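For reference, the chains in residue letters:
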Amino acid sequence: MVEFVPHLKVGVLASGRGSNFQSIIDAIKENRLKAKVCLLITDNPSAFAIERARKHGIEHLVLMPKEFPSRDAFYIAAAEALKKKDVGLVVLAGFMRIVGKPLIDAFPNRIMNIHPALLPSFPGLHAQKQAIDYGVKISGCTVHFVDEGMDTGPVIIQAAVPVYHSDTEESLSERILKLEHKIYPVAIRLFSEGRLKVEGRRVKITGEMSPEDHIVNPPVD
């Protein structure tokens, strides 16, 4: 089980607009999450997430994979930057790469991702389109710990939305994104409170959930 971490130090990896990054910042500012974002790392110098970091006084670092001799070297540099900030949890917020082994080894069961589908269904890109094309009636989002696969790590919490016959990839994405912004800070808070216990493929959540968390409906042990 992860130990209780008062005012958890968080590092964020993002490649794009960083709306989930913003949801974490908002949760901290609204005292729904006792944490501090210490560093944003991005592989995209044009990412809007950088503007979000600047606005809130968060240090950012641009690391371009093409500037490193290997994929591992890129992730070693990222891990070193995060460790210098004494980061306790790494959060992927629209980071468009499969995380490399050096970073996973540096932060075992301390890297989270959010995916816009109910894993293990529809991993990878365009999960919302995959859901529509397959004809499912329910989709949603999943927060999970990161391993070396594509969206294959242990599931922490999930939330569901209906899929309507009239849905497009864009309309379903918008509906799911609203839930992403709600459950990602919840998962981070559970981590900071030491309430997540990883047992193989399963993540147990201990203690009672607060009323505002019931939207995620996780089992509690």
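## Points about the overall build of the protein chain
Argument step 1. For the protein chain, the helix and strand inventory stands at six helices and nine strands.
Argument step 2. Since a compact globule built from 221 residues should have a radius of gyration of about 17 Å, the 17 Å found for the protein chain is in line with a globular shape.
Argument step 3. Overall size of the protein chain, expressed as C-alpha extent along the three principal axes, is 45 × 40 × 35 Å.
Argument step 4. The buried share of the protein chain, taken over its 221 residues, is 52%.
Argument step 5. Of the contacts made within the protein chain by residues no fewer than 6 positions apart, 61% connect residues no fewer than 24 positions apart.
Argument step 6. Here the protein chain has roughly 11,000 Å² of accessible surface; of this, 53% comes from carbon and sulfur atoms.
Argument step 7. Averaged over its 28 positive side-chain charges, the protein chain has a centre that lies 2 Å from the centre of its 26 negative ones.

## A few points about the packing of aromatic side chains
Argument step 1. Under the counting rule described, the total for this entry stands at three aromatic pairs.
Argument step 2. What links up through ring pairs into an aromatic cluster is the set Phe68, Phe74 and Tyr75.

## Side note on the packing of helix α1 (residues 19-29) against helix α2 (residues 48-55)
Argument step 1. Between α1 and α2, whose axes approach to 9 Å, the crossing angle comes to 20 degrees. Taken together, the axes of α1 and α2 lie roughly parallel to each other. Considering how the two elements wind past one another, α1 and α2 form a crossing that is right-handed. Facing Ser19, Phe21 and Gln22 of α1, the residues of α2 in contact are Ala49, Arg52 and Ala53.

## What about the pattern of salt bridges?
Argument step 1. As enumerated under the stated definition, the model contains twelve salt bridges in all.
Argument step 2. Among the salt bridges present, the one from Glu30 reaches Arg32, with a minimum N-O distance of 2.8 Å.
Argument step 3. Note on Arg32: relative accessible area 40%, which makes it partly exposed.
Argument step 4. A salt bridge links Arg195 to Glu193; the shortest N-O distance between them is 2.9 Å.
Argument step 5. Residue Glu193 is classed as partly exposed on the basis of its relative accessible area of 27%.
Argument step 6. One network of salt bridges, with partners in common, ties together Arg189, Glu193 and Arg195.

## Some remarks on the side chain of Ser139
Argument step 1. Locating Ser139 in the fold gives a position in strand β6 (residues 138-145).
Argument step 2. Apart from residues lying up to four places away in sequence, Ser139 is in contact with Pro116, Ala117, Leu118, Ala131, Ala159, Ala160, Val161, Val163 and Ile176.

## Side note on the nonpolar core
Argument step 1. Phe21, Met112, Val143, Ile156, Ile157, Ile188 and Leu196 are the most contacted members of the largest nonpolar core, which has 49 residues in total.
Argument step 2. A total of ten residues in this core trace back to one element, the largest contributor, which is helix α6 (residues 169-192).
Argument step 3. One finds Leu13, Ile41, Phe95 and Phe107 within the second-largest nonpolar core, a separate group that totals 22 residues.

Calculation rules
- Residue numbers here run from 1 along each chain, matching the order of that chain's written sequence.
- Whole-chain, interface and lining totals are the exception, using all residues; otherwise, since this is a predicted model, local features are given only for residues with pLDDT of at least 70 and side-chain atom pairs are given and counted only at 80 or more.
- Only hydrogens and water are set aside; all other atoms, that is, all heavy atoms of the structure, feed into the side-chain values.
- Strands here are runs of E lasting at least two residues and helices are runs of H or I lasting at least four, both read from the DSSP assignment and numbered beginning at the N terminus.
- A radius of gyration in this sense is built from C-alpha atoms; the matching globule rule multiplies 2.2 Å by the number of residues raised to 0.38.
- The cut-offs for exposure are 20% and 50% of the maximum accessible area for each residue type, with area from a 1.4 Å probe on protein chains only; residues under the lower value are buried, those over the upper are exposed, and the others partly exposed.
- We call two residues in contact whenever any of their non-hydrogen atoms come within 4.5 Å of each other.
- Accessibility throughout is a Shrake-Rupley quantity obtained with a 1.4 Å probe, and a residue counts as covered only by protein chains that appear here.
- When charges are counted, neither His nor the chain ends are considered; positive counts come from Lys and Arg and negative counts from Asp and Glu.
- Working definition for charges: the position is that of NZ of Lys, CZ of Arg, CG of Asp or CD of Glu.
- Aromatic contacts are taken between Phe, Tyr and Trp rings whose centres are within 6.5 Å, Trp giving its six-membered ring; a plane angle under 30 degrees counts as stacked, one over 60 as edge-to-face, and the others as tilted.
- Only the stretch in contact is used when fitting a helix axis, every axis being a line fitted to C-alpha atoms; angles between N-to-C directions are given from 0 to 180 degrees.
- Any angle from 65 to 115 degrees is called roughly perpendicular, while one under 35 is roughly parallel, one over 145 is roughly antiparallel, and all others are oblique.
- By the definition used in this description, the sense in which the near helix is turned from the far one sets the handedness, with an anticlockwise turn below a right angle giving left-handed and a clockwise turn giving right-handed.
- Take a side-chain nitrogen of Lys or Arg and a carboxyl oxygen of Asp or Glu: if they are within 4 Å of each other, that pair is a salt bridge.
- Nonpolar cores were defined as sets of buried Ala, Val, Leu, Ile, Met, Phe, Trp, Tyr and Cys residues, with membership established by side-chain atoms within 4.5 Å.

All we've got here are geometric facts, nothing functional implied.
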